[in-house]
Amino acid sequence: RAQRLVEELHRLHRPQSEEQAELARWREEALQAQGMLNLTETRKSLDREQVTPYLMNMSDDPMLAGRLLYYLRVGQVTTIGSGSGSTVLVNGLGVVP
């Protein structure tokens, strides 16, 4: 009976694992599309001396602080805003065009 329960748990866990993997891939693609690094790359880049300028998110919540890293291109003018011509596009609640 215990073996049967273990097998049932494994059967139910597989679709969740696949869904979590798909969500992780989607999140990585979305971060890359916005020019941001994923968490693993962010940790690697912070381990060595930083010479490239970057923007990092800030939050009062320690679980959210420093989770997004956006490297600025050296030698290029960077504009930040909600307009379509901005290099770094900012949008969301409270962001006025």
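Numbering of residues begins from 1 in every chain and follows the order in which that chain's sequence is written. Only residues with pLDDT of 70 or above have their local features reported here, since the model is predicted, and side-chain atom pairs are shown and tallied only from 80 upward, although totals for entire chains, interfaces and linings are computed over all residues. Computation of side-chain values covers all heavy atoms of the structure but excludes hydrogens and water.

## Describing the overall build of the chain
Our working definition: Under the scheme used here, helices are H or I runs from DSSP no shorter than 4 residues and strands are E runs no shorter than 2 residues, and both carry numbers assigned from the N terminus. In what follows, a contact means two residues having at least one pair of non-hydrogen atoms within 4.5 Å. Per-residue accessibility takes into account occlusion by the displayed protein chains alone, with areas from the Shrake-Rupley method and a 1.4 Å probe.
Scanning the chain for helices and strands turns up two helices and four strands. Reading the chain from its N terminus to its C terminus gives the helix and strand order α-α-β-β-β-β. Summarising the internal contacts of the chain: among those between residues at least 6 apart in sequence, 24% fall at separations of at least 24. When the accessible surface of the chain is split by element, carbon and sulfur atoms take 56% of a total near 8,400 Å².

## As for the confidence of the model for the chain
Filter applied, for reference: You can read pLDDT as the predictor saying how much it trusts each residue, on a scale of 0 to 100.
For the chain, per-residue confidence averages 76 on the pLDDT scale, and 77% of positions sit at 70 or higher. Confidence, read as mean pLDDT per element, is least for helix H2 (residues 39-47) in the chain (63) and greatest for strand S3 (residues 80-81) (85).

## Focus on empty space enclosed by the protein
In plain terms, the rule: A pocket here means an open set of points on a 1 Å grid, computed over the protein atoms alone, that has protein on both sides within 12 Å along at least five of seven lines. A cavity is instead a set of points where a 1.4 Å probe fits but cannot get out; residues with an atom within 4 Å of a point line either one. Grid points are joined across faces, edges and corners, and a volume is the space filled by probe spheres set on the points. Residue classes follow a fixed rule: Ala, Val, Leu, Ile, Met, Phe, Trp, Tyr, Cys and Pro count as nonpolar, while Asp, Glu, Lys and Arg count as charged, and any other residue, Gly among them, counts as polar.
Here the structure, examined in full by the defined rule, presents one cavity of 30 Å³ or more. Roughly 50 Å³ of internal volume is contained in the largest cavity. As for the largest cavity, its lining consists of Tyr70, Tyr71, Leu72, Arg73, Gln76, Val77, Thr78 and Thr87. Within the lining of the largest cavity, the residues separate by chemical class into four nonpolar, three polar and one charged.

## Describing the environment of Pro53
The condition is simple: Buried residues are those whose accessible area, probed at 1.4 Å on protein chains only, stays under 20% of the maximum for their type, while exposed residues exceed 50% and partly exposed ones sit between those limits.
Turning to its location among the elements, Pro53 is positioned in the loop between H2 and strand S1 (54-56). For Pro53, a relative accessible area of 37% gives the class partly exposed. Separated by 19 residues in the primary sequence, Pro53 and Leu72 place their C-alpha atoms 5.5 Å from one another. Not counting residues within four places of it along the chain, the set of residues in contact with Pro53 comprises Tyr71, Leu72 and Val74.

## Focus: a nonpolar patch on the surface
In plain terms, the rule: Patch criteria: residues need more than 30% relative accessible area and no salt bridge. Like-charged residues are merged within 9 Å; nonpolar side chains of Val, Leu, Ile, Met, Phe, Trp and Tyr are merged within 5 Å. Only one rule defines a salt bridge in this text: a Lys or Arg side-chain nitrogen within 4 Å of an Asp or Glu carboxyl oxygen.
A surface patch of nonpolar side chains, amounting to about 280 Å² of accessible area, comprises Leu55, Ile80, Val90 and Val95. Residue placement: Leu55 occurs in strand S1. Residue Leu55 is classed as partly exposed on the basis of its relative accessible area of 33%.

## Some thoughts on the side chain of Ser86
Tracing the sequence through the fold places Ser86 in the loop between S3 and strand S4 (88-89). A residue is classified by how much of its surface remains accessible, and Ser86, at 18% relative accessible area, is buried. Discounting chain neighbours no more than four positions away, the residues touching Ser86 are Thr79, Ile80 and Gly81.

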